Amino acid sequence: MKFKKLVHAVALVAAAFMFHGCGDDDSSSDAAGGAGGAGAAGGAGGAGAEGGAGGAGAEGGAGGAGAEGGAGGAGAEGGAGGAGAEGGAGGAGGGDDQAAYEFESRYVEGESSVSNSGQMARHALISAVKAHIGGLTARLDDGSFAPAAGDVRAEINNYFDCAENACEGEDTLISTDPPAKQSTFGEISGGKNLVGKIAGNDATGQHKDWITDGIVGWTGAEGAPISPEALVRAWTDMLDAQSVAYANGEAGTDPQGNAITKVFVSAEGHDLQQLIQKFLLGSLAFSQGADDYLDDDVEGKGILASNDAVVDGKTYTALEHNWDEGFGYFGAARDYADYTDDEIAGKGGRDDWQKYHDTNGDGFIDLKTEYNFGHSVNAAKRDRGASTDMTRDAFHAFYAGRDLITTAGGALTPEQMEELKTHRDVALLAWEQAIAATVIHYINDTIGAMEAAEYDFYNHAKYWGEMKGFALSFQFNRRSPVTPDAFARIHQVMGTAPELNAENFEAYKGGLLEARAILGQAYGFDEADVADW
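Just so it is clear, the model here is predicted, and its values are computed rather than measured.

Thresholds applied
- Residues numbered from 1 in each chain as written.
- Predicted model: local features only at pLDDT ≥ 70, side-chain atom pairs only at ≥ 80, totals over all residues.
- Heavy atoms only, no water.
- Helix = DSSP H or I, 4+ residues; strand = E, 2+ residues; numbered from the N terminus.
- Buried < 20%, exposed > 50% of the residue type's maximum accessible area, 1.4 Å probe, protein only.
- 1 Å grid on protein atoms, 1.4 Å probe; cavity = no way out; pocket = protein on both sides within 12 Å on 5 of 7 lines; lining within 4 Å.
- Points joined across faces, edges and corners; volume = space filled by probe spheres on them.
- Nonpolar A, V, L, I, M, F, W, Y, C, P; charged D, E, K, R; others polar.
- Expected span 1.5 Å × (residues − 1).
- Contact = heavy atoms within 4.5 Å.
- Lys, Arg positive; Asp, Glu negative; His and termini not counted.
- Salt bridge = Lys/Arg side-chain N within 4 Å of Asp/Glu carboxyl O.
- Polar contact = N/O pair within 3.5 Å; in protein donor to acceptor, adjacent residues only side chain to side chain.
- Phe/Tyr/Trp six-rings, centres within 6.5 Å; stacked < 30°, edge-to-face > 60°.
- Disulfide = S-S within 2.5 Å.
- Axes fitted to C-alpha atoms, helices over the stretch in contact; angles between N-to-C directions.
- Parallel < 35°, antiparallel > 145°, perpendicular 65-115°, else oblique.
- Left-handed = near helix turned anticlockwise from the far one by under 90°.
- Patch = residues over 30% accessible without salt bridge, like charges linked within 9 Å, V, L, I, M, F, W, Y side chains within 5 Å.
- Areas by Shrake-Rupley, 256 points an atom, 1.4 Å probe, with all protein chains shown as cover.

## Regarding the overall build of the chain
Here is step 1: Looking only at helices and strands, one finds 17 helices and 0 strands in the chain.
Here is step 2: Looking at the chain as a whole, 58% of its 533 residues are labelled buried.

Laid out in structure tokens, this is it:
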């Protein structure tokens with residue numbers, strides 16, 4: 001986390017409105033000035049505004065593109081100006097310091113109003129799916145597991161469906177030092193599964209009928225539309241069939257004719273471990289954040305939920321909780337801003353800050369609050385050595401939005417709602433940028449695998465699976481800077497399997513470079529970063 005200004009992010013949000021994303025776009029305020037939050041001296045205007053509403057106690061607020069003032073977080077001395085803005089971005093407390101994502105309840109003294117354990121439980125379930133698939137080969141090789149048809153499917157579905165809460169007593173498969181405070185999924189949060197929250201399975205609020213129309217980028221049998229849930233089940237069925245064949249000594253062969261030695265890799269080059277996990281992060285975590293908890297298209301849902309009454313038996317309002325759940329799906333620890341990019345990525349820095357940290361000093365890692373999951377880690381990985389600061393952009397926007405909700409003390413004014421939408425847009429853009437940068441990273445790796453002096457089939461399959469799995473995510477954000485036509489083109493050139501014929505590598509490489517250029521332009525990435533990722 002580099003603690004740079006939010007100018008780049010705010011400018012890109014304004015650009016996204018003009019670019020027309022995968023769905024409808026929200027227009028920003030044209031007001032000359034907006035109402036400040038509690039105690040604010042200045043605030044956030046939309047594109048072209050001269051000033052708007054700052055956070056509680058802020059001296060500056062966040063302006064849109066062309067604004068003269070920008071929005072600071074609680075207690076900030078400066079705010080984030082948009083493109084061409086004269087004001088800069090200050091975090092909570094001003095300067096480079098940022099408070100943790102903690103907010104005391106307005107209704108229960110001494111209690112936190114932040115609660116997103118369900119989101120962390122689902123992150124843990126997604127992580128366990130990947131770990132379980134990764135462990136299948138060793139179980140088959142040592143003879144401890146001899147699956148019949150349906151056995152592997154049942155194991156994966158135990159995490160995906162968690163029928164009758166059967167997964168709650170299962171080990172999370174997450175190893176930390178010091179040990180995790182929660183060793184089972186039920187200890188993180190009870191009654192959770194993955195199938196209920198995957199895109200298409202929410203009763204209201206989805207910007208597309210994913211079940212009827214299907215996703216872009218993959219099809220079912222004979223080209224029929226396929227829903228996100230159906231695709232996960234289709235890949236699980238493939239893994240089940242491959243496991244039985246592998247156990248019976250009938251594994252497929254790689255392009256060199258060698259027997260495949262990883263049960264989750266198909267002869268066609270599908271790395272099912274990577275495809276399933278990365279697609280779940282997009283079709284569940286990102287979809288829930290962008291198209292549900294942080295959306296504003298259904299009255300009483302997302303950021304249009306009530307902020308003037310405590311939820312019965314809880315410590316928070318419905319709006320506070322929805323915002324927290326969106327933050328939870330991003331996957332960041334509560335003190336995310338205290339980590340460096342190297343530490344979030346697990347690539348250096350302080351020894352006891354490698355992806356997680358015992359912040360409260362109780363001798364355990366609390367998986368609800370002290371562990372970084374999912375796309376929050378990808379953001380840091382891509383920020384390392386790059387000009388981007390997606391970790392800061394996302395966290396500061398999430399924090400500023402929650403601070404605004406809390407300090408409003410009740411229903412938001414129209415000006416405060418516009419400011420909240422600005423924070424939402426910055427947070428979602430940074431989140432999606434982290435995914436896009438990671439797709440670019442794996443485009444580069446896939447090209448590298450095809451150009452390698454010593455070809456490695458498993459590296460090729462892995463990189464392609466990560467590239468494709470992540471790249472399917474953009475369609476779940478109706479505000480995506482990637483147009484529907486551009487998104488379709490990206491997946492046309494990627495296809496639904498890696499190119500394994502060396503004679504066709506150059507042509508396929510050309511398509512990937514085209515996809516990379518589309519992403520680089522859509523998200524405003526520096527050309528050097530695109531080449532280096």
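Further notes follow.
## Things to note about the layout of surface pockets
Here is step 1: By volume, the largest pocket is sized at about 680 Å³.
Here is step 2: In this structure, the largest pocket is lined by 28 residues; those nearest its centre are Lys130, Gln277, Lys278, Lys355 and Lys381.
Here is step 3: At the level of elements, helix 2 (117-134), helix 8 (272-293), helix 11 (374-383), helix 13 (414-451) and helix 14 (457-471) are the ones that each hand at least two residues to the lining of the largest pocket.
Here is step 4: Residues of the lining of the largest pocket, tallied by class, amount to 10 nonpolar, 10 polar and 8 charged.

## Topic: the environment of phenylalanine 160
Here is step 1: Within the secondary structure layout, phenylalanine 160 lies in helix 4 (residues 151-160).
Here is step 2: Distance in space between the C-alpha atoms of phenylalanine 160 and leucine 194 is 4.9 Å, their sequence separation being 34 residues.

## Details of helix 13
Here is step 1: The terminal C-alpha atoms of helix 13 lie 55 Å apart, and with 38 residues this matches the ideal 56 Å at 1.5 Å per residue to within 8%.
Here is step 2: Judged by how many residues are buried, helix 13 sits mostly within the fold: 32 of 38 residues are covered.

## Re unusual backbone geometry
Here is step 1: Geometrically, the link from aspartate 177 to proline 178 is a cis peptide bond, its omega value of 10° lying close to zero.
Here is step 2: The topology assignment puts proline 178 in the loop between helix 4 and helix 5 (185-188).
Here is step 3: Even without being glycine, cysteine 162 reaches a positive phi, approximately 45°.
Here is step 4: Tracing the backbone through its elements, the reader meets cysteine 162 in the loop between helix 4 and helix 5.
Here is step 5: The backbone of glutamate 164 shows a phi angle near 55°, a positive value even though the residue is not glycine.

## Observations concerning helix 9 (residues 318-330)
Here is step 1: The end-to-end C-alpha distance of helix 9 is 19 Å, a good match for the 18 Å that 13 residues give at a rise of 1.5 Å each.
Here is step 2: Helix 9 sits mainly inside the fold: 12 of its 13 residues count as buried.
Here is step 3: Within the span of helix 9, buried status applies to Leu319, Glu320, His321, Asn322, Trp323, Asp324, Glu325, Gly326, Phe327, Gly328, Tyr329 and Phe330.
Here is step 4: Tucked into the core, helix 9 has its buried residues touching helix 2, helix 8, helix 11, helix 12 (390-408) and helix 13.
Here is step 5: Of the residues flanking the end of helix 9, it is glycine 331, one or two places downstream, whose phi is positive at about 100°.

## A word on the side chain of lysine 197
Here is step 1: With respect to the helices and strands, lysine 197 occurs in the loop between helix 5 and helix 6 (210-213).
Here is step 2: Despite its burial, lysine 197 pairs with no opposite charge; the closest candidate is aspartate 202, at 4.2 Å N-O.
Here is step 3: Polar contacts involving the side chain of lysine 197 include one to the side chain of tyrosine 293, which spans 3.3 Å.
Here is step 4: Those residues within four positions of lysine 197 in sequence are excluded, and the remaining contacts are Arg122, Asp202, Ser283, Leu284, Gln288, Tyr293 and Tyr329.

## Brief notes about the packing of aromatic side chains
Each aromatic ring pair is summarised here by two numbers: the centre-to-centre distance and the angle between the ring planes.
Here is step 1: Summed over the entire model, instances satisfying the criterion amount to 29 aromatic pairs.
Here is step 2: When the centroid spacing of 5.8 Å and the interplanar angle of 85° are considered together, the rings of phenylalanine 330 and tyrosine 336 count as edge-to-face. Accessibility assignment for this pair places phenylalanine 330 and tyrosine 336 in one class, buried.
Here is step 3: Judged by centre distance (5.8 Å) and plane angle (50°), the ring pair of phenylalanine 474 and tyrosine 523 falls under tilted. Taken together, the positions of phenylalanine 474 in the loop between helix 14 and helix 15 (484-494) and tyrosine 523 in helix 16 (residues 505-523) put the pair 49 residues apart, joining distant regions of the chain. Neither phenylalanine 474 nor tyrosine 523 differs from the other in exposure class; each is buried.
Here is step 4: Following the ring pairs from residue to residue traces out a cluster consisting of Tyr101, Phe103, Phe286, Trp323, Phe327, Phe330, Tyr336, Phe395, Phe398, Tyr399 and Trp431.

## Concerning the pattern of salt bridges
Where side chains of opposite charge bring their charged atoms close, a pairing between them can arise.
Here is step 1: Going through the model one piece at a time under the given rule, you end up with 25 salt bridges.
Here is step 2: Between arginine 153 and aspartate 237 there is a salt bridge; the shortest N-O distance is 2.7 Å. Here the residue arginine 153 occupies a position in helix 4, and aspartate 237 occupies one in helix 7 (residues 228-247), the gap between them amounting to 84 residues.
Here is step 3: Residue classification places aspartate 237 among the partly exposed positions, given a relative accessible area of 34%.
Here is step 4: In this structure, glutamate 343 and arginine 350 form a salt bridge, with 2.8 Å as the shortest nitrogen-oxygen distance.
Here is step 5: On the basis of relative accessible area, glutamate 343 is assigned to the buried category, the value being 2%.
Here is step 6: By relative accessible area, arginine 350 is classed as partly exposed at 36%.
Here is step 7: Overlapping salt bridges bring together Asp295, Asp296, Glu418, Lys421, Arg424, Asp425, Arg478 and Arg479 as one network.

## With respect to the state of the cysteines
Here is step 1: Under the definition given, this model contains 1 disulfide.
Here is step 2: Residue pairing for cysteine 162: its cysteine sulfur links by disulfide to cysteine 167, the two sulfurs lying 2.0 Å apart. In this structure the cystine formed by cysteine 162 and cysteine 167 twists about its S-S bond by roughly -95°; its chirality is therefore left-handed. Note on accessibility: cysteine 162 and cysteine 167 belong to one class, buried.

## Observations regarding the environment of lysine 301
Here is step 1: For lysine 301, the position within the fold is in the loop between helix 8 and helix 9.
Here is step 2: Distance in space between the C-alpha atoms of lysine 301 and glycine 205 is 7.8 Å, their sequence separation being 96 residues.
Here is step 3: Other than its neighbours up to four places away in sequence, lysine 301 contacts Asp202, Thr204, Gly205, Asp292, Asp295 and Asn322.

## Quick notes on the packing of helix 13 against helix 16
Here is step 1: Running from N to C, helix 13 and helix 16 point in directions that differ by 160°, and their axes come no closer than 10 Å. In terms of axis orientation, helix 13 runs roughly antiparallel to helix 16. When the axes of helix 13 and helix 16 are compared, the crossing they make is left-handed. Two secondary-structure elements touch here, helix 13 through Leu429, Glu432, Gln433, Ala436, Val439, Ile440, Ile443, Asn444, Thr446, Ile447, Met450 and Glu451 and helix 16 through Phe505, Tyr508, Lys509, Leu512, Leu513, Ala515, Arg516, Leu519, Gly520 and Tyr523.
Here is step 2: Per-class residue counts for the contact of helix 13 with helix 16 are 14 nonpolar, 4 polar and 4 charged.

## Some words on a nonpolar patch on the surface
Here is step 1: Together, Tyr107, Val108 and Val310 make up a nonpolar patch on the protein surface, roughly 200 Å² of accessible area in all.
Here is step 2: Secondary-structure assignment places valine 108 in the loop between helix 1 (7-19) and helix 2.
Here is step 3: Note on valine 108: relative accessible area 31%, which makes it partly exposed.

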